[in-house]
Amino acid sequence: MRDHVHFAPWTCCAQAPGASPPAQQGDWFAASVPGTVASALRARGRWDMQNPPDIDAQDWWYRTTFAAESRTDNELFELCFDGLASLAEVWLNGELVLSTNNMFRTYRVDVDRSLKDENELVICFRSVSADLKKRRPRPRWKTNLVNNQQLRWLRTSLLGRIPGWSPPVPAVGPWGEVRLERSAVMLSEVQRTAVLSGTEGVVRFSAQVGAALEITSARLHVGGHHAALEWQNGTLSGELRIQHPELWWPHTHGAPTLHAAKVIIETDVEQHEFPLEKVGFRQIEVRNDPGFAIHVNGDRVYCRGACWTTSDIFTLHGTEEYLRHDLTLARDAGMNMLRIGGTMTYESDLFYRLCDELGILVWQDFMFANMDYPVDDAAFAENISVEATQQIRRLAQHPCVAVYCGSSEIEQQAAMLGMARELWRNRWFGEQLPEMCSQLHPGTIYVPSSPSGGVLPFHTRTGVTHYYGIGAYLRSLRELRQADVKFTSECLGFANIPEPETIEEIMGGLVPAMHHPRWKQRVPRDTGAGWDFEDVRDHYLRELFQADPVALRSFDMPRYLELSRVTSGEMMARTFAEWRSGHSRNAGALVWFYKDLWPAAGWGVVDSSGTPKAAYYQLKRMWQTRQLTLTDEGLDGLHVHLVNETAESVEGFVEVQLLREPNVSVARHEIAVEVGARSLETLSVDEILGVFYDVNYAYRFGPQSHHVVIASWLTAGREIISESVHLTRMRDPEPQPQCAEMLQAKAVATGGGHYLVTLKSERLLHCVRLSARGFLPADNYFHLAPGRLKEVSFSPQDGDSAVFRAYVEALNVMGEVSVDLSSAPHEPSHAPR
């Protein structure tokens, strides 16, 4: 039995750098562990984002006390540290028991001989600023990502230390759990892998064992199966084979089946049970012809999702409630991959456990980015080797982890600075790390750097790229096929406008002004550039709506925000429509930032509170397992692409409607289709209609006969599977005055704090926005066809029982419409669409 000894509440204080032995004087205040100095200051009300304290300039001391009475000879005692950021010294009862310099490593210290009945534990986190002043060799190149190049020597997260886009919240403090374990039997250096060998699932286990009692036997249990483990020279090892196990799939392609696992050790006195992470059996491989395509259990998986940041930049860990909220939102949007980039942190066990459960693949960078790391320095090399070993052993227990990547943008940084090719990749990233991944986590993919693989690392046609053609480089959608992106592990960075409530939080009640320092401080930018990502969004606003963003921003701020809010998501959606089409060889794309790091018009498609932005919903409609997309083929009209990622074929219809605004149906026709399992079909809209209508207004022989093309994929029962809308004229849709008949909006309670809103309009509505403070809609920012019933469910946010008051807006309607709440119980509708 493994027990954790209770610690008294922690306190912390700041001291001048270099104090020793453990400081006793100072302004001590309460601190949560796990946590950081920044989270403790925030809890005390002493953190101001406009004028943050320089916590790197000081030493920070943490202390607590605990009792360790009634100790026996049949017990072991170990102090365990799951994360100390970053230069830490640990004293137990005045004795220095540990010094660390890596926030990404875990430490276990045998303290049996140092314990007393009453104990004091003190941790000092030394000043990062003082450490960076030490004289060290210079790098071969410099990066603008950070202000101090000597950070390459320090194993710490770059979050909080990247001036261009990170909040000024550096990681300092005990960000991982600190505990004292007492038990007769302890496991360490646990390694458990699960692979498929033909039709067999093979689970291999090994661990170092410390025991104060005699071990008589040990067994590994997985699901309803078990096998004996061998005990020899302090090591426990063995394997278990299971015939025809149920497989783990990403949620877009099947069920993420998991099997409970544990190790049971018998001693001459008692039995000890050690729970393990659940086992998932899957086979993952990458095929490089013509590019970079991931296959799971033999089937090609189109990987889409985003780059994960952190649930809370102050603590660097999210609670189960918030992580489950964020990851469930990602799953529900159709995301089947998240990337943890090298500028972030390795995530908690809970994060990977939830990804296992939800069927979300993880692309895992090691925590190296942009800099010339001193991998030839013996001490540094030993430090990062232990770090990588610990992390791979931990992550190998999770079937969600599919890709390991040596670094973020190191090869790109060196190449863009004109360094010789032999300097782009060293032995650590090119030989040692891939060998470690192969041995410690077989059945995963290794990429030396993101991006890499082309003549230049950032070329788009080969290997893995970072694609910002649509975005920072202001390229046209017409160039997407020319770019021929095979796989992009980050892409489409836009300054995404959040919802009005978040804007209120940013501005502190001030009238929103995009040039205000409060706003501009939080708009992401590349350090040293004369533009930011708001300028990027403005470029595409002008292209999409034929409107002058400067004039709008100057004279009609509300309209500027409305158009800006949908601009970035519209560009992303159009890009994915191309990438998921039958004309593309793209096998995956991850949007740069899933979630903002603070309330901002940041890169995230979800804001820092977990509220989706417009871009989230626009992408959600492009990321479904049964998906219809439209592409503009110029003089060849429009093409409809039907994607079916499920294991069963789909029979139904494709319908195309041409509409002249506000509500005149010009043409409407459908054909029967069958889309096979795991397949894609491409159809011509001209073929479906059977008559020439100049559907995309490419020939322009006269005035437009229609302004909108609506393509719908229907089941045999005529329920909508997926739908896409193409606008043949791009302009700012002029808002029209409301009238009683224009829009019907009703809501009914469906139980458990949930509501269902039903909409119906007599005219086409552009980018309908639904809002209800305290509730999240399942769909939003959609076009609503005239005469079409649209049902949208609302769920309570944060579990609150707020009063439901909902409103509807659209780009072409003045003001907002209140949703009528019915007192009658909801009855499911079975009417055709």
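On a predicted model such as this, the values are computed, not experimentally measured, just so you know. (Residues numbered from 1 in each chain as written. Predicted model: local features only at pLDDT ≥ 70, side-chain atom pairs only at ≥ 80, totals over all residues. Heavy atoms only, no water.)

1. So, the sheet that holds strand 15 (residues 230–232)
If you walk across this open sheet you meet the four strands as 11-12-16-15, and the pairing is antiparallel. Bordering the open sheet on either side are strand 11 (185–197) and strand 15, each of which pairs with just one other strand. Recorded for the sheet is a direction-independent mean angle of 15° between the axes of neighbouring strands. Relative to strand 12 (residues 200–211), strand 11 runs antiparallel, the two sharing eleven bridges. Counterpart to Ser197 in the pairing with strand 12 is Glu200. (Pairing = 2+ DSSP bridges. Helix = DSSP H or I, 4+ residues; strand = E, 2+ residues; numbered from the N terminus. Axes fitted to C-alpha atoms, helices over the stretch in contact; angles between N-to-C directions.)

2. Here's the deal with helix 5 (residues 378–395)
For helix 5, spanning 18 residues, the distance from its first C-alpha to its last is 26 Å, which sits close to the expected 26 Å at 1.5 Å a residue. Inspection of helix 5 places Phe380, Asn383, Ile384, Glu387, Ala388, Thr389, Gln391, Ile392 and Leu395 among the buried residues, and these make up the whole buried set. Looking at the buried residues of helix 5, the elements they touch are helix 4 (349–358), strand 24 (361–365), strand 25 (401–405) and helix 7 (427–440). One side-chain oxygen of the residue at the start of helix 5 lies 3.3 Å from the amide nitrogen of Ala379, identifying that residue as Asp377. (Expected span 1.5 Å × (residues − 1). Buried < 20%, exposed > 50% of the residue type's maximum accessible area, 1.4 Å probe, protein only. Contact = heavy atoms within 4.5 Å. Polar contact = N/O pair within 3.5 Å; in protein donor to acceptor, adjacent residues only side chain to side chain.)

3. Brief notes about a nonpolar patch on the surface
Taken together, Leu635, Phe692, Tyr699 and Phe701 make up a surface patch of nonpolar side chains, about 490 Å² in accessible area. Checked against the element boundaries, Leu635 lands in the loop between strand 30 (626–632) and strand 31 (638–644). Here Leu635 falls in the exposed class, since its relative accessible area comes to 54%. (Patch = residues over 30% accessible without salt bridge, like charges linked within 9 Å, V, L, I, M, F, W, Y side chains within 5 Å. Areas by Shrake-Rupley, 256 points an atom, 1.4 Å probe, with all protein chains shown as cover. Salt bridge = Lys/Arg side-chain N within 4 Å of Asp/Glu carboxyl O.)

4. Focus on the packing of helix 11 (residues 533–545) against helix 13 (residues 557–579)
Packing of helix 11 against helix 13 leaves a shortest axis separation of 9 Å and a crossing angle of 85°. Regarding the angle of helix 11 to helix 13, the classification is roughly perpendicular. In contact with Glu534, Arg537, Asp538, Tyr540, Leu541, Glu543, Leu544 and Phe545 of helix 11, helix 13 contributes Tyr560, Leu563, Ser564, Val566, Thr567, Glu570, Met571 and Arg574. The residue makeup of the contact of helix 11 with helix 13, split by class, is eight nonpolar, two polar and six charged. (Parallel < 35°, antiparallel > 145°, perpendicular 65-115°, else oblique. Nonpolar A, V, L, I, M, F, W, Y, C, P; charged D, E, K, R; others polar.)

5. Topic: unusual backbone geometry
In this chain, Ser450 is followed by Pro451 through a cis amide linkage whose omega measures 5°. Tracing the backbone through its elements, the reader meets Pro451 in the loop between strand 26 (445–447) and strand 27 (465–467). Residue Pro662 follows Glu661 across a cis peptide bond; omega there is 10°. For Pro662, the position within the fold is in the loop between strand 32 (650–660) and strand 33 (664–675). One non-glycine residue, Asp694, adopts positive backbone phi at about 50°. Topologically, Asp694 is positioned in the loop between helix 15 (685–689) and strand 35 (708–715).

6. Some words on the pairing of strand 10 (residues 178–183)
With six of six residues buried, strand 10 is to be regarded as a mostly interior element. Inspection of the sheet shows strand 1 (residues 3–4) paired to strand 10 by two bridges, in the antiparallel sense. Within strand 10, the residue paired with Asp3 across the bridge is Arg182. As judged from the six bridges shared by strand 5 (residues 76–81) and strand 10, these two strands associate in the antiparallel manner. Its bridge partner lying in strand 10, Leu76 is registered against Ser183.

7. Some thoughts on the sheet that holds strand 1
A sheet is described by the order of its strands in space; here four strands give the open sequence 1-10-5-8, paired in antiparallel fashion. One side of each edge strand has no neighbouring strand; the edge strands of this open sheet are strand 1 and strand 8 (107–110).

8. Notes on the pattern of salt bridges
Enumeration over the complete set of coordinates arrives at 62 salt bridges. Among the ionic pairs, Arg108 bridges to Glu181, the shortest N-O distance being 2.9 Å. Taken together, the residues span a long stretch of sequence, with Arg108 in strand 8 and Glu181 in strand 10 at a distance of 73 residues. The partner of Arg461 in a salt bridge is Asp484, and the shortest N-O contact between them spans 3.5 Å. Here Arg461 is found in the loop between strand 26 and strand 27, whereas its partner Asp484 is found in the loop between helix 8 (480–483) and strand 28 (488–491), with 23 residues between them in sequence. The class of Arg461 is partly exposed, set by a relative accessible area of 42%.

9. Looking at helix 9 (residues 500–507)
Listing the buried residues of helix 9 in full gives Thr502, Ile503, Ile506 and Met507. The arc enclosing the buried residues of helix 9, seen along the axis, measures out at 130°, which places them on a common side. Where the residues of helix 9 are buried, they touch helix 10 (517–520) and helix 13. Gly508, located one to two residues past helix 9, shows a positive phi value of around 60°. (Arc of directions from axis to C-beta.)

10. Considerations on the packing of helix 3 (residues 320–332) against helix 4
In a packed pair of helices, the relevant descriptors are the angle between the two axes and the axis-to-axis distance. At a minimum axis separation of 10 Å, helix 3 and helix 4 run at an interaxial angle of 35°. Read as a crossing pair, helix 3 and helix 4 show a hand that is right-handed. Contacts from Glu320, Leu323, Arg324, Leu327, Thr328 and Arg331 in helix 3 reach Leu350, Phe351, Leu354, Cys355, Glu357 and Leu358 in helix 4. Partitioned by chemical class, the residues of the contact of helix 3 with helix 4 number seven nonpolar, one polar and four charged. (Left-handed = near helix turned anticlockwise from the far one by under 90°.)

11. Some points on the packing of aromatic side chains
Applying the stated criterion across every chain yields a total of 38 aromatic pairs. An angle of 85° between the planes, with centres 5.3 Å apart, marks the rings of Phe368 and Phe429 as edge-to-face. Separated by 61 residues along the polypeptide, Phe368 in the loop between strand 24 and helix 5 and Phe429 in helix 7 bring together distant segments of the chain. Relative accessible area serves as the criterion here: at 1%, Phe368 is assigned to the buried category. Ring pairs connect the aromatic residues Trp153, Phe368, Tyr373, Phe380, Trp428 and Phe429, which therefore count as one cluster. (Phe/Tyr/Trp six-rings, centres within 6.5 Å; stacked < 30°, edge-to-face > 60°.)

12. Notes on the environment of Glu120
Mapped onto the elements of the fold, Glu120 is located in strand 9 (residues 118–125). A C-alpha to C-alpha distance of 77 Å links Glu120 and Tyr697, two positions 577 residues apart in sequence. Apart from residues lying up to four places away in sequence, Glu120 is in contact with Gln24, Arg63, Thr64, Thr65, Trp91, Leu92 and Asn93.

13. Remarks on the pairing of strand 14 (residues 225–228)
Where strand 13 (residues 215–222) and strand 14 come together, four bridges link them in antiparallel fashion. By the bridge assignment, Leu220 is partnered in strand 14 with Ala227. Remark: two residues form the turn of the hairpin made by strand 13 and strand 14, two consecutive strands paired antiparallel; Gly223 in that turn has positive phi of roughly 60°.

14. Section: the environment of Arg136
Inspection of the secondary structure assignment puts Arg136 in the loop between helix 2 (128–132) and strand 10. When its relative accessible area of 21% is taken as the criterion, Arg136 is described as partly exposed. Distance in space between the C-alpha atoms of Arg136 and Gly753 is 60 Å, their sequence separation being 617 residues. Among residues more than four places away in sequence, those in contact with Arg136 are Asp131, Gln150 and Trp153. A polar side-chain atom of Arg136 sits 3.1 Å from a polar atom in the side chain of Asp131.

Any link to function would need more than the numbers given here.
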